[in-house]
Protein chains: 2
Amino acid sequence: MSRGGKREGAGRPKGAGPYGEETKPVRIPVSQVDRVLRFVRNREYALPLFACRVSAGFPSPADDYLEGSLDLNEHLVREPAATFFVRARGDSMIGAGIHDGDLLVVDRSTKAKNGSVVIASVNGELSVKRYLCSNGQVRLVPENPAYQPISLNEDDDARLWGVVTSVVHRL
Amino acid sequence: MSRGGKREGAGRPKGAGPYGEETKPVRIPVSQVDRVLRFVRNREYALPLFACRVSAGFPSPADDYLEGSLDLNEHLVREPAATFFVRARGDSMIGAGIHDGDLLVVDRSTKAKNGSVVIASVNGELSVKRYLCSNGQVRLVPENPAYQPISLNEDDDARLWGVVTSVVHRL
DNA sequence: TATTTTGAAAACTGTTACATATTTCAAAAA
DNA sequence: TTTTTGAAATATGTAACAGTTTTCAAAATA
């Protein structure tokens with residue numbers, strides 16, 4: 001009459017769901033539910049990151065060379081609401097690894113420190129420069145000997161737009 | 001005695017939460033809860049892209065300088081399932097804009113063309129090189145005069161791991 | 001009259017609870 | 001030996017709940 005019955009190991013095993021893991025309910029705004037489900041189910045953009053010091057077979061997800069997984073958005077954008085992109089022109093910052101046409105990730109929420117690479121407009125001219133400050137004197141310095149540094153005076157109409165956090169160079 | 005009381009428009013208005021919208025519980029794997037909450041709260045990784053040729057006030061979303069909006073994942077990763085990341089070591093590809101420590105986006109689904117920058121292992125040694133093919137002869141060429149090109153022979157144990165599509169340089 | 005304090009009302013939020021739904025495996029049947 | 005079956009155990013979507021937060025007019029105060 002009875003089949004199966006109480007016994008060790010009976011029933012659906014733990015972690016047999018699609019995630020192989022426990023779940024917990026989280027409140028999501030209704031308009032974003034679909035987007036979030038796609039995000040979670042596909043884990044689309046969390047891609048493997050491999051270490052490059054390799055001598056033998058490489059790279060396979062089973063390897064020790066796997067450093068983890070990475071999402072470019074999360075890795076490169078700290079605060080989405082304060083971040084924008086600019087395309088760089090010219091080679092005045094070649095020494096900082098910024099090439100003509102590169103995409104710059106600019107964060108407006110972090111304050112420029114001495115030595116930061118910044119987007120600044122001076123007297124209506126926009127540029128990417130290294131921000132140096134000494135003795136109260138602010139200088140915007142290109143990273144290419146063919147260009148001249150700019151020293152900011154009080155009557156200059158200067159404004160910092162943000163700090164460049166990453167450079168994306170397409171091949 | 002009683003204050004407030006039942007009346008039209010009493011109480012907290014609808015949509016007064018941080019999302020300005022109704023929420024609903026969705027089951028999320030515990031290990032991804034944090035990632036999902038960040039994803040939902042930050043809302044958008046589709047960030048504004050500005051043109052850099054600018055003379056006056058810049059940049060504001062209302063400006064004409066806005067080229068559009070960009071999602072780094074979508075922009076840099078054509079096929080998530082065939083993409084991985086590698087961290088570059090050394091300066092052998094400095095001429096291609098690849099610096100020590102840069103993050104390389106590698107696509108395994110596109111075939112290397114003549115001139116592509118590729119990740120290749122030759123006799124167990126992994127490297128980033130430019131792939132050149134002429135008269136059936138394959139060469140892996142560094143972009144730094146201090147390094148020697150590698151010509152592939154038939155008895156070399158060589159394998160192409162993928163084509164480098166982008167370089168991410170952090171400042 | 002003008003300003004401040006108060007508290008009921010209504011929505012928000014994280015979590016628990018629950019009613020299916022699925023999955024598994026050994027016993028029963030073929 | 002193979003197929004069928006059903007109790008057991010977990011998964012899943014959502015309602016419900018208890019506690020929190022916010023709002024606004026009435027009450028109290030100046």
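Residues numbered from 1 in each chain as written. Chains lettered and ligands numbered in written order. Predicted model: local features only at pLDDT ≥ 70, side-chain atom pairs only at ≥ 80, totals over all residues. Heavy atoms only, no water.

J.: Please provide a residue-by-residue account of the overall build of chain A, values included.
T.: Within chain A one finds two helices and 10 strands. In chain A, the succession of α and β elements from N to C terminus is β-α-β-β-α-β-β-β-β-β-β-β. A buried classification covers 43% of the 171 residues belonging to chain A. Sequence-distant contacts in chain A: of pairs separated by 6 or more residues, those separated by 24 or more amount to 45%. When the accessible surface of chain A is split by element, carbon and sulfur atoms take 46% of a total near 9900 Å². (Helix = DSSP H or I, 4+ residues; strand = E, 2+ residues; numbered from the N terminus. Buried < 20%, exposed > 50% of the residue type's maximum accessible area, 1.4 Å probe, protein only. Contact = heavy atoms within 4.5 Å. Areas by Shrake-Rupley, 256 points an atom, 1.4 Å probe, with all protein chains shown as cover.)

J.: Describe the side chain of A:D102, naming the residues involved and giving the relevant values.
T.: Residues and elements named next belong to chain A. Assignment of secondary structure puts D102 in the loop between β4 (83-87) and β5 (103-107). Here D102 is buried and forms no salt bridge, its nearest opposite-charge partner R87 lying at an N-O distance of 7.1 Å. Here H99 takes part through its backbone nitrogen, which lies 2.8 Å from a polar atom of the side chain of D102. Within the structure, the side chain of D102 is placed 2.6 Å from the side chain of H169, a separation counted as a polar contact. D102 has contacts with V86, R87, A88, G97, V167, V168 and H169, leaving out every residue within four places of it along the chain. (Lys, Arg positive; Asp, Glu negative; His and termini not counted. Salt bridge = Lys/Arg side-chain N within 4 Å of Asp/Glu carboxyl O. Polar contact = N/O pair within 3.5 Å; in protein donor to acceptor, adjacent residues only side chain to side chain.)

J.: Go over the pairing of strand β8 (residues 137-141) of chain B with me, naming the residues and quoting the values.
T.: Residues and elements named next belong to chain B. In this structure, strand β7 (residues 125-134) lies alongside β8, joined through five bridges in antiparallel fashion. Paired with C133 across the two strands is V138, which belongs to β8. Pairing between β8 and strand β9 (residues 150-151): two bridges, direction antiparallel. Its bridge partner lying in β9, R139 is registered against S151. (Pairing = 2+ DSSP bridges.)

J.: Describe the nonpolar core, listing the residues and the values that go with them.
T.: Of all hydrophobic cores here, the largest spans 16 residues; its most connected members are A:L72, A:L76, A:F85, A:L103, B:L72, B:F85 and B:L103. Looking at this core, the elements that each hand over two or more residues are α2 (72-76) and β5 of chain A together with α2 (72-76) and β5 (103-107) of chain B. Aside from chain neighbours lying at most four places away, what touches A:L76 is A:V105, A:T165, A:S166, B:L72, B:V168 and B:R170. (Core = buried A, V, L, I, M, F, W, Y, C linked by side-chain atoms within 4.5 Å.)

J.: So what about the pattern of salt bridges? Which residues, and what values?
T.: Residues and elements named next belong to chain A. For the coordinates displayed, the defined rule picks out two salt bridges over all chains. The partner of R130 in a salt bridge is E143, and the shortest N-O contact between them spans 2.9 Å. Here the residue R130 occupies a position in strand β7 (residues 125-134), and E143 occupies one in the loop between β8 (137-141) and β9 (150-151), the gap between them amounting to 13 residues. Classification of R130 by relative accessible area gives partly exposed; the value is 21%.

J.: For the packing of aromatic side chains, give the residues involved together with the corresponding values.
T.: Aromatic rings in a pair are described by how distant their centres are and how their planes are angled relative to each other. Applying the stated criterion across every chain, the model contains zero aromatic pairs over all chains. A cation over an aromatic ring shows up here: A:R159 above the ring of A:W161, its NZ or CZ 4.1 Å from the ring centre. (Phe/Tyr/Trp six-rings, centres within 6.5 Å; stacked < 30°, edge-to-face > 60°. Lys NZ or Arg CZ within 6 Å of the ring centre and 35° of its normal.)

J.: Quick one: what's the story with unusual backbone geometry, residue by residue and with numbers?
T.: Residues and elements named next belong to chain A. A positive phi angle is found at N135, which is not glycine, with a value near 55 degrees. Its place among the elements puts N135 in the loop between β7 and β8. According to the relative accessible area criterion, N135 is exposed, its value standing at 84%.

J.: I'd like a rundown of the environment of A:T110, residues and numbers included.
T.: Position of A:T110 relative to the elements: it lies in the loop between β5 and β6 (117-122). A:T110 sits 53 residues away from A:V163 along the chain, and the two C-alpha atoms are 6.7 Å apart.

J.: Which residues make up the confidence of the model for chain A, and what are the values?
T.: Residue and element names in this part refer to chain A. The predicted model of chain A has a mean per-residue pLDDT of 78, with 79% of residues at 70 or higher. The lowest-confidence element of chain A is strand β2 (residues 47-50), averaging 60 in pLDDT; the highest-confidence one is strand β1 (residues 23-29), averaging 92. Note that pLDDT drops below 50 for residues 52-64; the model gives that stretch 30 contacts with residues more than four away or on any other chain. (pLDDT = per-residue confidence, 0-100.)

J.: Describe the side chain of B:S116, listing the residues and the values that go with them.
T.: All names here are of chain B. Tracing the chain through its elements places S116 in the loop between β5 and β6 (117-122). Overall, the relative accessible area of 14% leaves S116 in the buried class. In terms of polar contacts, S116 uses its side chain to reach the backbone amide nitrogen of K113, at 2.9 Å. In contact with S116, other than residues within four places in its own chain, are K129, R130, Y131 and V163.

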